[in-house]
Amino acid sequence: MKESEELTHERERMVENQIRSRGIKDERVLEAMATIPRHVFVPSENRHLAYADAPLPIGHRQTISQPFIVALMTELLDLDGDETVLEVGTGSGYQAAILGRLAKRVYSLERIPELAEHARGILRALKVDNVEVLVADGSQGLPEHAPFEGIMVTAAAPRVPVPLKEQLADGGRLVLPVGEQAGQILECWERQGDDFRRDRVAPVAFVPLVGEHGWDSDERPFSWWL
Ligand code: SAH
């Protein structure tokens, strides 16, 4: 079998065994996960693990999330294709590419310029043309392009950043991990006018959101992600 066919099979198995079997039902999300080549976003030394049921290091002490968590957070946004979405924490660019397949327009913010540049290169190579990666402190959102029908934060916040609530469109959803640096709860907020309803979805472990409305610094010991 050709390598590309083998990777396609691995990806289909990932969708069935890790994602559909754990309760993700949105067919558009499942299709996006079966289509976007996760291995392209994983550094070459770990590429053989690209379809494993785990997060993986991407350099700069950051990680690409476990596929199931990507699917879960994406399903929570409940996208139908017309939305403008904000992602905070571009990292590898994988989640941004998934969002790009499911929304009209995606802005993705990353604080580490090298990661942003690398992600841009991959997205360009994959011809993903509705995702824009910007270097910024995403805890402050992106007021010039607000409001957003969906906001996803892929780094752990000590509390919900107020600017992100303010930049959410009426009826929009904000999905993010909230808690300590060592562990968080995945929360899904839905805006109805000036009311915000919160669902607590699942325990998760993300790298910290570092910024004005996040943590002052990354306090994890150096060995944390090894
Ligand atoms: N969504 C990514 C995984 C993100 S890991 C993927 O699919 O690969 C979390 C990312 O958030 C890291 O790259 C980290 O540098 C970034 N980050 C942390 N604090 C941030 C902030 N305030 N603004 C923007 N990005 C931030």
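Residues numbered from 1 in each chain as written. Predicted model: local features only at pLDDT ≥ 70, side-chain atom pairs only at ≥ 80, totals over all residues. Heavy atoms only, no water.

Chemist: What's the story with the site of the ligand in this structure? I'm lost.
Modeler: Taken together, 25 residues lie near the ligand, and Ser-92, Glu-110, Asp-137, Gly-138 and Val-210 sit nearest. Glu-87 places a side-chain nitrogen or oxygen 3.0 Å from a nitrogen atom of the ligand. A distance of 2.9 Å is found between a nitrogen atom of the ligand and a side-chain nitrogen or oxygen belonging to Asp-137. Protein chains shield 99% of the accessible area of the ligand, which is 580 Å² for the free molecule. If you tally residues by element for the shell around the ligand, the top one is strand S2 (residues 62-64), at 3 residues. Tallied by class, residues from the shell around the ligand come to 11 nonpolar, 10 polar and 4 charged. (Near = heavy atom within 4 Å. Polar contact = N/O pair within 3.5 Å; in protein donor to acceptor, adjacent residues only side chain to side chain. Areas by Shrake-Rupley, 256 points an atom, 1.4 Å probe, with all protein chains shown as cover. Helix = DSSP H or I, 4+ residues; strand = E, 2+ residues; numbered from the N terminus. Nonpolar A, V, L, I, M, F, W, Y, C, P; charged D, E, K, R; others polar.)

Chemist: Is there a simple way to explain the packing of helix H1 (residues 3-19) against helix H3 (residues 67-77) in this structure?
Modeler: Axis angle and axis distance: for two packed helices, these are the angle between their axes and the distance between the axes, and together they describe the pair. Where H1 contacts H3, the two axes come as close as 10 Å, and the packing angle between them is 75°. Judged by the inter-axis angle, H1 sits roughly perpendicular to H3. On H3, the residues touching Met-14, Gln-18 and Ile-19 of H1 are Pro-67, Phe-68 and Ala-71. Broken down by class, the residue content of the contact of H1 with H3 amounts to 5 nonpolar, 1 polar and no charged. (Axes fitted to C-alpha atoms, helices over the stretch in contact; angles between N-to-C directions. Parallel < 35°, antiparallel > 145°, perpendicular 65-115°, else oblique. Contact = heavy atoms within 4.5 Å.)

Chemist: Explanation requested: the pattern of salt bridges in the structure shown.
Modeler: A side chain with one charge may pair with a side chain of the opposite charge, provided their charged atoms come close. In total, this model carries 12 salt bridges according to the counting rule given. Linking Asp-194 and Arg-191 is a salt bridge whose minimum nitrogen-to-oxygen distance equals 3.6 Å. The closest approach of N and O atoms between Arg-197 and Asp-199, which form a salt bridge, is 3.8 Å. Here Asp-199 falls in the partly exposed class, since its relative accessible area comes to 38%. Residues joined by salt bridges that share partners form a network here, namely Glu-16, Arg-20 and Glu-27. (Salt bridge = Lys/Arg side-chain N within 4 Å of Asp/Glu carboxyl O. Buried < 20%, exposed > 50% of the residue type's maximum accessible area, 1.4 Å probe, protein only.)

Chemist: Whenever I open this one, the packing of aromatic side chains confuses me. Can you help?
Modeler: What characterises a pair of aromatic rings is the spacing of the ring centres plus the angle enclosed by the ring planes. Tallied over the full model, the rule gives 2 aromatic pairs. With a centroid separation of 5.7 Å and 65° between ring planes, the pair formed by Phe-41 and Tyr-94 is classed as edge-to-face. One end of the pair, Phe-41, is in the loop between helix H2 (27-35) and strand S1 (56-59); the other, Tyr-94, is in helix H4 (residues 94-102), with 53 residues separating them in the sequence. Tyr-94 matches Phe-41 in its accessibility class, with the two residues each being buried. Between Tyr-107 and Phe-148, the ring centres sit 6.5 Å apart and the planes meet at 65°, which makes this aromatic pair edge-to-face. (Phe/Tyr/Trp six-rings, centres within 6.5 Å; stacked < 30°, edge-to-face > 60°.)

Chemist: Where do I start with the environment of Gln-95 in this structure?
Modeler: As for its position among the elements, Gln-95 is in helix H4. Judged by its relative accessible area of 6%, Gln-95 falls in the buried class. Along the sequence, Gln-95 and Arg-38 sit 57 residues apart, while their C-alpha atoms lie 9.4 Å from each other. Excluding residues within four positions of it along the chain, Gln-95 makes contact with Val-70, Thr-74, Glu-87, Met-152 and Thr-154. Side chain to side chain, Gln-95 and Thr-74 meet in a polar contact 2.9 Å long.

Chemist: Whenever I open this one, the nonpolar core confuses me. Can you help?
Modeler: Within soluble globular proteins, side chains that are nonpolar generally end up buried alongside one another. With 50 residues, the main nonpolar core has Ile-24, Met-33, Phe-41, Tyr-94 and Ile-98 as its most contacted residues. For this core, the elements supplying multiple residues, two or more each, are H1, H2, S1, H3, H4, helix H5 (113-125), strand S5 (131-135) and strand S8 (183-192). A total of 8 residues in this core trace back to one element, the largest contributor, which is H3. Met-33 has contacts with Arg-11, Met-14, Val-15, Ile-19, Pro-67, Val-70, Ala-71, Tyr-94 and Ile-98, leaving out every residue within four places of it along the chain. (Core = buried A, V, L, I, M, F, W, Y, C linked by side-chain atoms within 4.5 Å.)

Honestly, it's all geometry; don't read function into it.
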